[in-house]
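Residue-level structure breakdown
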Amino acid sequence: MNSQFRKRRLLLIDDDDIFVAIAKRTIEKAGILENFDVFPDGEGAISFLKDHITDPESIPDFILLDINMPYMDGWQFLEEYSLFESMLLKKPIIYMISSSVDDADIKKAKDIPYVRDYLIKPVSVDSFRRILSFSEE
C-alpha cells in the first residue's frame, strides 16, 4: 500500500449489486479503505448515520450515493440528511455516483453544498484512489 494514503471509511449507497461488487473489488485494489459499508437504499444509510451521529469513529469519511434506488433515492437521502447534517460530529464527503449523464442531475448535485462532485459509472481504480485519498487537512 502506498504510504501517502490514510485508511478511510466509506459508505456506499447503491442498489445495483453488480456495481457494488465491482466497486468493492476496485476499492480493494486501491488499498486505501479501512471500512466499507453498503446500503441498498438511502433509508438504511440515514438510520445508520442517525444511530452514529455522535460517534465520529463510525461516521464514514466518504459517502458514494447513487441517485436511482427504491424506497429512498439519492435526492430523498440528501433532503433527509440536510435535516441532521449539522449535528454530525464528523462531516462525510459526499459524491453522487450514477449512470445518469443528464445535465439536470449533474447540475442539481453540484448545487448542493455538501456534495463534493458527481461521478458517472463505471468508476475507475484511479478515480476511486483520487477521491478517497482526498484530505481536508
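All figures in this text were calculated on a predicted structure; none of them were measured in a lab.

A count of helices and strands for the protein chain gives five helices and five strands. Counting from the amino terminus, helix and strand elements in the protein chain follow one another as β-α-β-α-β-α-β-α-β-α. A compact globule built from 137 residues should have a C-alpha radius of gyration of about 14 Å, and the protein chain, at 14 Å, falls within 12% of that. Taken along its principal axes, the extent of the C-alpha atoms in the protein chain is 35 × 35 × 25 Å. Burial statistics for the protein chain: of 137 residues in total, 47% are counted as buried. If you take every contact in the protein chain between residues at least 6 apart in sequence, the share linking residues at least 24 apart comes to 71%. When the accessible area of the protein chain is evaluated, it comes to approximately 7300 Å², of which 49% is carbon and sulfur surface. Each charge sign in the protein chain was given a centre, from 17 positive and 26 negative side chains, and these centres are 6 Å apart.

UniProt tags Asp-66 as "modified residue: 4-aspartylphosphate" (unreviewed entry). Relative to the elements of secondary structure, Asp-66 occurs in the loop between strand E3 (62-65) and helix H3 (74-82). With a relative accessible area of 5%, Asp-66 lands in the buried category. Non-local contacts of Asp-66, meaning those with residues more than four positions away in its chain, are made with Ile-13, Asp-14, Asp-15, Gly-74, Ile-97, Ser-98 and Lys-121.

To continue, consider the pattern of salt bridges. Per the stated rule, a full pass over the model turns up six salt bridges. One salt bridge in this structure joins Lys-50 and Glu-80, with 2.8 Å as the shortest N-O distance. Here Glu-80 lies in helix H3 and Lys-50 lies in helix H2 (residues 42-51), a separation of 30 residues in the sequence. Relative accessible area serves as the criterion here: at 39%, Lys-50 is assigned to the partly exposed category. Note that Asp-117 and Lys-110 form a salt bridge whose closest N and O atoms lie 3.7 Å from each other. The exposure class assigned to Asp-117 is partly exposed, which follows from its relative accessible area of 23%. Each member of the salt-bridge network shares a partner with another, and the members are Asp-14, Asp-66 and Lys-121.

Below, the discussion takes up the side chain of Asp-61. Tracing the backbone through its elements, the reader meets Asp-61 in the loop between H2 and E3. When its relative accessible area of 11% is taken as the criterion, Asp-61 is described as buried.

As a further point, take the environment of Asp-126. Among the structural elements, Asp-126 can be located in helix H5 (residues 125-132). Separated by 99 residues in the primary sequence, Asp-126 and Ile-27 place their C-alpha atoms 9.6 Å from one another.

What counts as what
- Residues numbered from 1 in each chain as written.
- Predicted model: local features only at pLDDT ≥ 70, side-chain atom pairs only at ≥ 80, totals over all residues.
- Heavy atoms only, no water.
- Helix = DSSP H or I, 4+ residues; strand = E, 2+ residues; numbered from the N terminus.
- Rg over C-alpha atoms; globule rule 2.2 N^0.38 Å.
- Buried < 20%, exposed > 50% of the residue type's maximum accessible area, 1.4 Å probe, protein only.
- Contact = heavy atoms within 4.5 Å.
- Areas by Shrake-Rupley, 256 points an atom, 1.4 Å probe, with all protein chains shown as cover.
- Lys, Arg positive; Asp, Glu negative; His and termini not counted.
- Charge placed at Lys NZ, Arg CZ, Asp CG, Glu CD.
- UniProt positions renumbered as here; feature names shortened; annotations may be inferred.
- Salt bridge = Lys/Arg side-chain N within 4 Å of Asp/Glu carboxyl O.

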